[in-house]
Amino acid sequence: MTDTTHTQPIPPGRAARQRSPEFRFAADALRGLRQDLFHGAFAYRPLPPTEPGGRFTRSASERVREYGAWAPHVAVAALAGLSMFVALMSTWTGGLFSLLCVLLAGAPVLLTLVRPVGAFWVSLAANTATLFLDGGSSGESPWLPGGFLAHLAVVTVVAMRTRPRTAAWMWLLTAVYGFFAYGLFDWSDDFGHGSDLGPMLLLAGVTLLTVAIRQTLRQARREVSVHQTVTAHERSRRTLLEERTTIARELHDVVAHHMSVVAIQAEAAPYRVENPPPELEKAFATIRENAVAALTELRRVLGVVRAQDHEAPDAPQPTLADLDALLANVREAGLDVTKTVTGAVRELPQGVELSAYRIVQEALSNTLRHAPGADARVEIGYVLGGLGLRVVNGAPPAPGLIKPSPGAGHGITGMRERVSMLNGEMTAAPTAEGGYEVAVFLPVPAAAPIEDEA
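Every value quoted in this text rests on a predicted model; they were computed, and no experiment measured them.

A. Structural view of the pairing of strand 3 (residues 386–393). With six of eight residues buried, strand 3 is to be regarded as a mostly interior element. Taken together, the eight bridges between strand 2 (residues 375–383) and strand 3 define a ladder with antiparallel strand orientation. The residue bridging Glu379 from the neighbouring strand is Arg390, located in strand 3. The turn joining strand 2 and strand 3, which pair antiparallel and follow one another in sequence, is formed by two residues. With eight bridges joining them, strand 3 and strand 5 (residues 436–443) adopt antiparallel strand pairing. Directly across from Arg390, in strand 5, lies its bridge partner Ala439.

B. A look at the sheet that holds strand 3. Overall, mixed pairing links the five strands, which are arranged 1-2-3-5-4 in an open sheet. Both edges of this open sheet fall to strand 1 (336–343) and strand 4 (425–430), since each of them pairs with a single strand only. Across the sheet, the axes of successive neighbouring strands diverge by a mean angle of 10°, strand direction being ignored. Strands in contact with helix 11 (residues 323–332) are strand 1 and strand 2; relative to strand 1, the strand with the most contacts, it is inclined by about 160°. Set on the sheet, helix 12 (residues 350–370) makes contact with strand 1, strand 2, strand 3 and strand 5; between it and strand 3 the angle comes to about 10°.

C. Inspection of the nonpolar core at higher detail. By size, the foremost hydrophobic cluster in this structure holds 38 residues, and its most contacted members are Leu37, Val109, Phe120 and Met170. Those elements giving two or more residues to this core turn out to be helix 2 (21–38), helix 4 (71–90), helix 5 (96–111), helix 6 (116–134), helix 7 (145–161), helix 8 (164–185) and helix 9 (197–268). Considering each element in turn, this core owes the most residues, nine residues, to helix 7. The contacts of Met170, once residues within four sequence positions are left out, are Leu37, Phe120, Val155, Val158, Ala159 and Leu208.

D. Region of the structure containing a nonpolar patch on the surface. On the surface, a cluster of nonpolar side chains totalling about 610 Å² of accessible area is made up of Leu96, Leu99, Leu100, Leu103, Phe132 and Leu133. Those elements that provide at least two residues to the nonpolar patch are helix 5 and helix 6. Considering every element that reaches the nonpolar patch, the biggest residue donor is helix 5, with four residues. Within the fold, Leu133 resides in helix 6. On the accessibility criterion, Leu133 (39% relative accessible area) is partly exposed.

E. Local environment of the packing of aromatic side chains. Under the defined criterion, the tally for this structure stands at three aromatic pairs. Ring centres of Phe38 and Trp121 lie 5.1 Å apart, and the angle between their planes is 45°; on these two criteria the pair is classed as tilted. Of this pair, Phe38 sits in helix 2 while Trp121 sits in helix 6; the two residues are 83 residues apart in sequence, bridging distant segments of the chain. For Trp121, a relative accessible area of 24% corresponds to the partly exposed category. Among the aromatic residues, ring-to-ring pairing joins Phe38, Phe120 and Trp121 into one connected group.

F. Local environment of helix 11. Every buried residue of helix 11 is listed here: Leu323, Leu326, Leu327 and Val330. Projected down its long axis, helix 11 shows its buried positions confined to an angular sector of 95°, all on one face. Contacts from the buried residues of helix 11 go to strand 1, helix 12 and strand 2. Gly334 occupies a position one or two residues after helix 11 and carries a positive phi of about 105°.

G. Spotlight on the confidence of the model for the protein chain. When pLDDT is averaged across the protein chain, the result is 79; 78% of the residues are at 70 or more. Within the model, the stretch residues 404–409 combines pLDDT values under 50 with two contacts to residues more than four positions away or in other chains.

H. Expanded view of the packing of helix 11 against helix 12. Two elements in contact, helix 11 and helix 12, have axes separated by 11 Å at closest approach and are oriented at 10°. Classified by the angle their axes make, helix 11 and helix 12 are roughly parallel. Contact residues: Leu323, Leu326, Leu327 and Val330 in helix 11; Tyr357, Val360, Gln361, Leu364 and Leu368 in helix 12. Classifying every residue of the contact of helix 11 with helix 12 gives eight nonpolar, one polar and no charged.

I. Broad picture of the pairing of strand 2. Note: strand 1 against strand 2, eight bridges, orientation parallel. Within the sheet, the bridge partner assigned to Thr338 lies in strand 2 and is Arg377. The handedness of the strand 1 to strand 2 crossover, carried by helix 12, is left-handed.

J. Main features of the side chain of Thr156. Along the polypeptide, Thr156 turns up in helix 7. Here Thr156 falls in the buried class, since its relative accessible area comes to 17%. At 2.7 Å, the side chain of Thr156 and the backbone oxygen of Leu152 are in polar contact. Apart from residues no more than four positions distant in its own chain, Thr156 is found in contact with Thr207, Leu208 and Val211.

K. Representation of the pattern of salt bridges in the model. Scanning the model with the defined rule gives seven salt bridges in all. Glu362 is the partner of Arg369 in a salt bridge, and the nearest nitrogen-oxygen pair spans 3.2 Å. Note that Arg377 and Glu379 form a salt bridge whose closest N and O atoms lie 3.7 Å from each other. Owing to a relative accessible area of 39%, Arg377 belongs among the partly exposed residues under this scheme. Within this structure, Arg377, Glu379, Arg390 and Glu437 form a network of salt bridges that share partners.

L. Expanded view of the packing of helix 5 against helix 6. Where helix 5 meets helix 6, the closest approach of the two axes is 8 Å, and the angle between their N-to-C directions is 165°. Put simply, helix 5 runs roughly antiparallel to helix 6. Considering the relative orientation of helix 5 and helix 6, their crossing is left-handed. Counted together, Phe97, Leu100, Cys101, Leu104, Pro108 and Leu111 of helix 5 and Pro116, Gly118, Ala119, Val122, Ser123, Ala126, Ala129, Thr130, Leu133 and Asp134 of helix 6 form the full contact between these two elements. The residue makeup of the contact of helix 5 with helix 6, split by class, is 12 nonpolar, three polar and one charged.

Reading guide: rules and limits
- Residues numbered from 1 in each chain as written.
- Predicted model: local features only at pLDDT ≥ 70, side-chain atom pairs only at ≥ 80, totals over all residues.
- Heavy atoms only, no water.
- Buried < 20%, exposed > 50% of the residue type's maximum accessible area, 1.4 Å probe, protein only.
- Helix = DSSP H or I, 4+ residues; strand = E, 2+ residues; numbered from the N terminus.
- Pairing = 2+ DSSP bridges.
- Axes fitted to C-alpha atoms, helices over the stretch in contact; angles between N-to-C directions.
- Contact = heavy atoms within 4.5 Å.
- Core = buried A, V, L, I, M, F, W, Y, C linked by side-chain atoms within 4.5 Å.
- Patch = residues over 30% accessible without salt bridge, like charges linked within 9 Å, V, L, I, M, F, W, Y side chains within 5 Å.
- Areas by Shrake-Rupley, 256 points an atom, 1.4 Å probe, with all protein chains shown as cover.
- Salt bridge = Lys/Arg side-chain N within 4 Å of Asp/Glu carboxyl O.
- Phe/Tyr/Trp six-rings, centres within 6.5 Å; stacked < 30°, edge-to-face > 60°.
- Arc of directions from axis to C-beta.
- pLDDT = per-residue confidence, 0-100.
- Parallel < 35°, antiparallel > 145°, perpendicular 65-115°, else oblique.
- Nonpolar A, V, L, I, M, F, W, Y, C, P; charged D, E, K, R; others polar.
- Right-handed = clockwise from strand over helix to strand, strands pointing away.
- Polar contact = N/O pair within 3.5 Å; in protein donor to acceptor, adjacent residues only side chain to side chain.
- Left-handed = near helix turned anticlockwise from the far one by under 90°.

Structure (C-alpha cells):
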C-alpha cells in the first residue's frame, strides 16, 4: 500500500499577495494615519456647545447654565489670546514681523473650533513661516515661545476632539517635524543650543497621554452606561414576562376548573329532566362538546407557559377565605399584622379572589424583607362596585441595620400585572411616617351578599 501526497501549487498572483505580519502592521498603521490626519483633514466640524446641567452648572441658574454651554469655546479663545500675547512679548520690534508672529500664533488655536485636524497642519505651517521670518535672530528653534504654546494648545484641543489614536500620530509627526525643522532653521554652531524640541515632546507627550486616558475612560463609561441601560431594559422585560407567565399558570388552573364544571353539568343536565325533548338534548351535547374542545385548546395553548419543572398544584388555588392562614404564617415569622374587613362579605369571582390573595401575600412578603420589625395592617373593603385592598406597614425600628434584599424586585411588577389584568387600579408609594403602602381596587360586578364570616 503506497501513500501519495499531492501538493497543489499556489498561483503566482496569490503568492505575491501574501504579506508578512510586519508588512500588514505597517500598512494598517499608514491606513490609520491617512484616515486620522489626511482624509477630510479640513472638514468643517464646529465645536458644539456642551449639554446643559453639567458638573459645574447643575445647581446654577438658568442664565449661568446657558452661558456655561460655551465655556469650551471661551477656553480655546483664551488659549489663543495667551499664545498671541506670548508671541508679541517675545518678538516685539514694533514692526510687521511682530504682527505676523502674533497672527500666526493665534490663528491655528482658533481654527481648532471649526476644523480641528486641519488646525494641526496649519500650526506646523505657521511655525515654519515664523521660523523663516525670524531668520535665527531669536536663537530658538524649532519653536519660538508663541508658536511653542500655540502648538501645544492645538494638539491638546485636537486630541480632546478626536480619538486617542490621533493623539499618538500628532505626537509622532511633531517629533519628526521638530527634527527636520531644527536641522533646517538652526543657525548656531553648537548643536542643541536654544532647542526646545525636548520640552515640546515631553510636555506634548504628557498632555496627550492624559487626554487619551481621559477619552478612553469616558468612552468606557459611556459603553458601560449603554450596557447597563440595555441590561436593565432586558431584566425588566424578562421580569414582566416571568410575572405574566406565573399569572397565566395560575389562571389556567382556575379557568380549566370552570370549563370542566361546565362540561360535567352539560352532560348531566338532560338526566335531570324527565323525557327531555331532542332539541334540548342536542343543545346540551353541543355545549359539552364546545366546553371539552375549549378545555383541550386551553391546556394546549397555556401548557407552553409552564416551566419544565413546574407541577400543577394538588390543592385548589387560594382565595380570600384562606387569608387568615396566611396571616398566621407571617405572624410566626415575626410580623405583627392585623386584618380589618369592611362591607358585606360576598363570594367573588375566583380570579379576583386569587389575585387579591396573591397581592396581599406579596405585600406582606415585601414588608418582611424590607422593613423587618415593623407592624402591618391589611384592610379589605367589600363595596358595591368591587373589592378594595390596602396593605400598609410602619417604619422599621432600625433602618440603618437593614441589609439590601437579594430578591429580583418582582413584587411590585407582579402586583401591577394582576391589577392590570382585572382592569383595576393600584398605587404603591412610601408613607409620610417612613413606611410603605399598597392600595388596590379590583372592579367586580355586584352580587348578592352571603352570610358574614365569623
